[in-house]
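In case you want the letters, here they are:
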Amino acid sequence: MDVAMALAILFFCLLLLSSAAITFLLLRHCLSGLRRRHRAAAAADDDAEAAEGGAGARQLMPPCSPPPQQELPLLRPAAKLVPSTKEEGEPRKLTWREVEALTGGFDEAAVVGRGGSSTVYLASSSRVAVVSPPVAVKVHRWCGGERWLRAFRQELDLLHRLRHPHIVSLLAYSDDHEEGGALVLEYLSGGTLADRLHGGASPPLPWRHRMRVVHDVAGALEHLHDGAPPVVHGDVSASNVLLDGRGLGARLCDLGSACEGFSAAVAPTRAAVGSPGYVDPFFLRTGIVSKKSDVYSFGVLLLEAITGSPAAGIPGPDGGAAGGGNLTARLLPRVRTEGVDGLADRRLGDDYDAAEAGDVARIAVECLAAQPGLRPTMAQVRAAIAEKAATSISTAHHDLHASDST
């Protein structure tokens, strides 16, 4: 009786396994058929696009060298290519032909910025209707570099999900070209904070505007750090803060070095993080990046805002870098012991609040602590700036509303 029962159980198990195997094979066959039909449809779409655009449409992405000039297709008005604000809808996916039209065929005359693997163009109005408001087109090229491709994908994914008034907005994108991709971003005409602090700009960025900008950037970093999942920006610098034409509106940009999804305070990274003069020494020693790495870089940014000196290099007569040495190595020991008396940006003259400068310098010193565990969080930093520089921030806020009303 026991033998019969055992044989029955064995037979039942074999029957169950056989049914599972047959079900798996049937599902696999169905999925394979769906994939084949999807590929066939995609190939048909590509053939149709090629037939419509002609032979020249296949050479739309510039290689590592500039492309030859060619006639571009007339597209619908650029104002319809991308939403002017995120509130108008989700970022729109563009074809590469539309990206080429927006950049005027990757026209060098439209270039407004360059990075390690990207070129930023002001959207062209020569073959499309005038874009209102203007947009910037950040064209990435990887030319076989897997690291650049990962950076593009990282930035695209984060900007697609992020919503914050002081993080640059993604309006549209193109991500299916084999040699590159493009991000269409809101355009800010005031250049970067680095340009306004030590790029020879005249007049210099007023003190109250500086305090408003660093407060807003602190808020953007707080949003990144306290999100779910948290995000480490990885390259906080004055060059990655964009300003509007009035020097009041600030946007944190360039998330290509960001790290996401930390379950703990720290995590190892394989890529270098940060720009010269801003890099956390703890990261250089250990190879570990954390939210406190951003806090350190932001501390450098605070010293820049106070002194007008560049993070890397000795300041020249116009405020730009004229030699070697980092800002923190030159000034941090003195600021720790004596404050910032005599160190405020000389171009401001007496038009700054000395008490605020001293308080903000002390916040910077805390951010620049050697051990990450001794540094404050960005939420604490933003709250401290809001308290210590309240007068200047309020005045800048009034300037902004007065400008909007004229």
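Residues numbered from 1 in each chain as written. Predicted model: local features only at pLDDT ≥ 70, side-chain atom pairs only at ≥ 80, totals over all residues. Heavy atoms only, no water.

A. Spatial organisation of the packing of aromatic side chains. On inspection of all chains with the given rule, the structure shows 3 aromatic pairs. Relative to Tyr121, the ring of Phe106 lies with its centre 6.0 Å away and its plane at 65°, an arrangement referred to as edge-to-face. Taken together, the positions of Phe106 in the loop between α3 (96-102) and β2 (111-114) and Tyr121 in strand β3 (residues 118-122) put the pair 15 residues apart, joining distant regions of the chain. Accessibility expressed as a relative area gives 5% for Tyr121, which makes it buried. An aromatic cluster is built from Trp96, Phe106 and Tyr121, whose rings are joined through pairwise contacts. (Phe/Tyr/Trp six-rings, centres within 6.5 Å; stacked < 30°, edge-to-face > 60°. Helix = DSSP H or I, 4+ residues; strand = E, 2+ residues; numbered from the N terminus. Buried < 20%, exposed > 50% of the residue type's maximum accessible area, 1.4 Å probe, protein only.)

B. Geometry of the side chain of Thr192. Within the secondary structure layout, Thr192 lies in the loop between β6 (180-186) and α5 (193-198). Among all residues touching Thr192, those that are not within four sequence positions of it are Ala238, Ser239, Val241, Leu242 and Leu243. (Contact = heavy atoms within 4.5 Å.)

C. Representation of the nonpolar core. By size, the foremost hydrophobic cluster in this structure holds 68 residues, and its most contacted members are Leu193, Phe298 and Ile385. Residues lining this core come from more than one domain, with at least three contributed by each of domain 1 (92-186) and domain 2 (191-402). In this view, Phe298 contacts Val214, Val217, Ala218, Leu221, Val236, Met378, Val381 and Ile385; residues no more than four positions away in its chain are not counted. Ranked by size, the runner-up nonpolar core spans 15 residues in total, among them Trp96, Ala123, Val137 and Val184. (Core = buried A, V, L, I, M, F, W, Y, C linked by side-chain atoms within 4.5 Å. Domains from an automatic or database assignment.)

D. Examining the UniProt feature "binding site: ATP" (unreviewed entry) in the chain more closely. Residues given the UniProt feature "binding site: ATP" (unreviewed entry) here are Lys138. Relative to the elements of secondary structure, Lys138 occurs in strand β4 (residues 135-141). In this structure Lys138 touches Ser118, Thr119, Val120, Glu155, Gly181, Ala182, Leu183, Leu185 and Asp254, once residues within four positions along its chain are discounted. A distance of 3.1 Å separates polar atoms of two side chains, one belonging to Lys138 and the other to Glu155. (UniProt positions renumbered as here; feature names shortened; annotations may be inferred. Polar contact = N/O pair within 3.5 Å; in protein donor to acceptor, adjacent residues only side chain to side chain.)

E. The arrangement of the environment of Ala151 in detail. Relative to the assigned elements, Ala151 resides in helix α4 (residues 146-161). Each C-alpha atom, one on Ala151 and one on Ser117, is 9.3 Å from the other, the two residues being 34 residues apart in sequence.

F. Fine view of the packing of helix α6 (residues 207-225) against helix α8 (residues 291-307). At a closest axis distance of 11 Å, the pairing of α6 and α8 adopts a crossing angle of 175°. The orientation of α6 relative to α8 falls into the category roughly antiparallel. Contacts from Trp207, Arg210, Val214, Val217, Ala218, Leu221 and His225 of α6 reach α8 at Lys291, Asp294, Phe298, Leu301, Leu302, Ala305 and Ile306. Considered class by class, the residues forming the contact of α6 with α8 number 10 nonpolar, 1 polar and 3 charged. (Axes fitted to C-alpha atoms, helices over the stretch in contact; angles between N-to-C directions. Parallel < 35°, antiparallel > 145°, perpendicular 65-115°, else oblique. Nonpolar A, V, L, I, M, F, W, Y, C, P; charged D, E, K, R; others polar.)

G. Region of the structure containing α8. An ideal rise of 1.5 Å per residue puts 24 Å on 17 residues; α8 measures up with 25 Å between its terminal C-alpha atoms. N-capping of α8 is provided by Ser290, with a side-chain oxygen placed 3.1 Å from the backbone N of Lys292. The first or second residue beyond α8 is Gly308, which carries a positive phi of 75°. (Expected span 1.5 Å × (residues − 1).)

H. Looking closely at unusual backbone geometry. Residue Pro229 is reached from Ala228 by a cis peptide bond, and omega for that bond is 0°. With respect to the secondary-structure elements, Pro229 resides in the loop between α6 and β7 (231-232). Of note in this structure, Phe106 is not a glycine but carries a positive phi near 55°. For Phe106, a relative accessible area of 4% gives the class buried. Although it is not a glycine, Asp254 adopts a positive phi angle of roughly 60°. Mapped onto the fold, Asp254 is located in the loop between β9 (250-252) and β10 (259-260).

I. Region of interest: the sheet that holds β3. Taken together, the 6 strands give an open sheet; going across it, the order is β1-β5-β6-β4-β3-β2, and neighbouring strands pair in mixed fashion. The outermost strands of the open sheet, each flanked by one partner alone, are β1 (92-93) and β2. Examined bridge by bridge, β4 and β6 share 7 bridges and lie antiparallel to one another. Each residue of the ladder has a partner; that of Val137, found in β6, is Val184. Those strands touched by α4 are β4, β5 (170-177) and β6, and its axis lies near 145° from that of β5. (Pairing = 2+ DSSP bridges.)

J. Representation of the pairing of β2. Two strands pair when backbone bridges link them, and β2 and β3 are joined in this way by 3 bridges, in the antiparallel orientation. When the bridges of β3 are listed, Val111 appears paired with Tyr121. Between the antiparallel neighbours β2 and β3 lie 3 residues.

K. Summary view of the pattern of salt bridges. As enumerated under the stated definition, the model contains 19 salt bridges in all. A salt bridge links Lys138 to Glu155; its shortest N-O distance comes to 3.1 Å. Residue Lys138 is located in strand β4, and its partner Glu155 is located in helix α4; the two are separated by 17 residues in the primary sequence. One exposure class covers both Lys138 and Glu155, and it is buried. Residue Glu338 pairs with Arg334 through a salt bridge whose shortest N-O separation is 3.8 Å. Linking Glu338 with Arg334, this pair stays in helix α9 (residues 327-338), spanning 4 residues, or about one helical turn. (Salt bridge = Lys/Arg side-chain N within 4 Å of Asp/Glu carboxyl O.)

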